[in-house]
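Summary of the model geometry
What follows is the residue order along each chain.
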Amino acid sequence: MTRPRGPRLTVDAVWIHRGRVLLVRRGRAPFRGRWALPGGFVEPKETVEHAVQRELLEETGLLARAVGIIGVYSGPARDPRGPTTTVAFRMRGRAGSPLGSDDAKEARWTPLHEARALAFDHDRILRDARRRGRAR
């Protein structure tokens, strides 16, 4: 019996510090040139917690730890490359100066009120993170 292929697993990092959120400008398709949350695909034999820390380091040069899950996002059309499911994490760490690398053309701390029209469904993820942050 052949098993159906499911969605690919991804992670996204939401790091909000002093009214700013850490974003990367995508250097590759899809959404090349658009701002997005740092993140990417989970590798085989890797936990989602390790994957989000690895992706954050690769794309921004910054170290942080996952301190909570914001949500799981699985809309079938959230990624034009095919079905993906992402686990979005709230991150904490020493906020430094980010340097875009890997597939991120640029990285920066962006004021929350300017963070909009993000790639994928990252506007929704950021909105959920802010809503949950106020509820605490």
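The preceding data block contains the structure.
Further remarks concern the packing of aromatic side chains. Counted according to the given criterion, the structure contains two aromatic pairs. Seen from their ring centres, Trp15 and Trp109 are 5.2 Å apart, and the 80 degrees between their planes marks the pair as edge-to-face. With a gap of 94 residues between them, Trp15 in the loop between strand S1 (8–14) and strand S2 (16–17) and Trp109 in strand S8 (residues 104–111) connect regions that are remote in the sequence. Accessibility assignment for this pair places Trp15 and Trp109 in one class, buried. Relative to Phe120, the ring of Phe31 has its centre 4.8 Å away and its plane inclined at 65 degrees; by these criteria the two rings are edge-to-face. With a gap of 89 residues between them, Phe31 in the loop between strand S3 (20–26) and strand S4 (35–36) and Phe120 in the loop between S8 and helix H2 (122–135) connect regions that are remote in the sequence. Judged by its relative accessible area of 26%, Phe31 is partly exposed. Residue class for Phe120 comes out buried when judged on its relative accessible area of 19%. The side chain of Arg8 reaches across the aromatic face of Phe41, ending 4.0 Å from its centre.

A word on the layout of surface pockets. Estimates place the volume of the largest pocket at around 310 Å³. Along the wall of the largest pocket there are 21 residues; nearest its centre are Arg26, Gly39, Gly40, Phe41 and Arg81. Contributing elements (two or more residues each) for the lining of the largest pocket: S1, strand S5 (39–41) and helix H1 (48–60). For the lining of the largest pocket, the per-class residue count stands at six nonpolar, four polar and 11 charged.

The residue His122 is located in helix H2 in this model. Those residues in contact with His122 that lie beyond four places of it in its chain are Asp12, Ala36, Leu37 and Arg78.

Applying the stated criterion to the full structure yields one cavity of 30 Å³ or more. Taken together, Val24, Arg26, Ala36, Leu37, Gly39, Glu59, Asp103 and Ala104 make up the full set of residues lining the largest cavity. Class assignment of the residues belonging to the lining of the largest cavity gives a composition of four nonpolar, one polar and three charged.

What follows deals with unusual backbone geometry. Cis peptide bonds are those with omega within 30 degrees of zero, and the linkage from Ala29 to Pro30 qualifies with -5 degrees. Locating Pro30 in the fold gives a position in the loop between S3 and S4. With a phi close to 65 degrees, Phe31 is a non-glycine residue in the positive phi region. Phi is positive for Ala117, which is not a glycine, with a value near 60 degrees.

Analysis parameters
- Residues numbered from 1 in each chain as written.
- Predicted model: local features only at pLDDT ≥ 70, side-chain atom pairs only at ≥ 80, totals over all residues.
- Heavy atoms only, no water.
- Phe/Tyr/Trp six-rings, centres within 6.5 Å; stacked < 30°, edge-to-face > 60°.
- Helix = DSSP H or I, 4+ residues; strand = E, 2+ residues; numbered from the N terminus.
- Buried < 20%, exposed > 50% of the residue type's maximum accessible area, 1.4 Å probe, protein only.
- Lys NZ or Arg CZ within 6 Å of the ring centre and 35° of its normal.
- 1 Å grid on protein atoms, 1.4 Å probe; cavity = no way out; pocket = protein on both sides within 12 Å on 5 of 7 lines; lining within 4 Å.
- Points joined across faces, edges and corners; volume = space filled by probe spheres on them.
- Nonpolar A, V, L, I, M, F, W, Y, C, P; charged D, E, K, R; others polar.
- Contact = heavy atoms within 4.5 Å.

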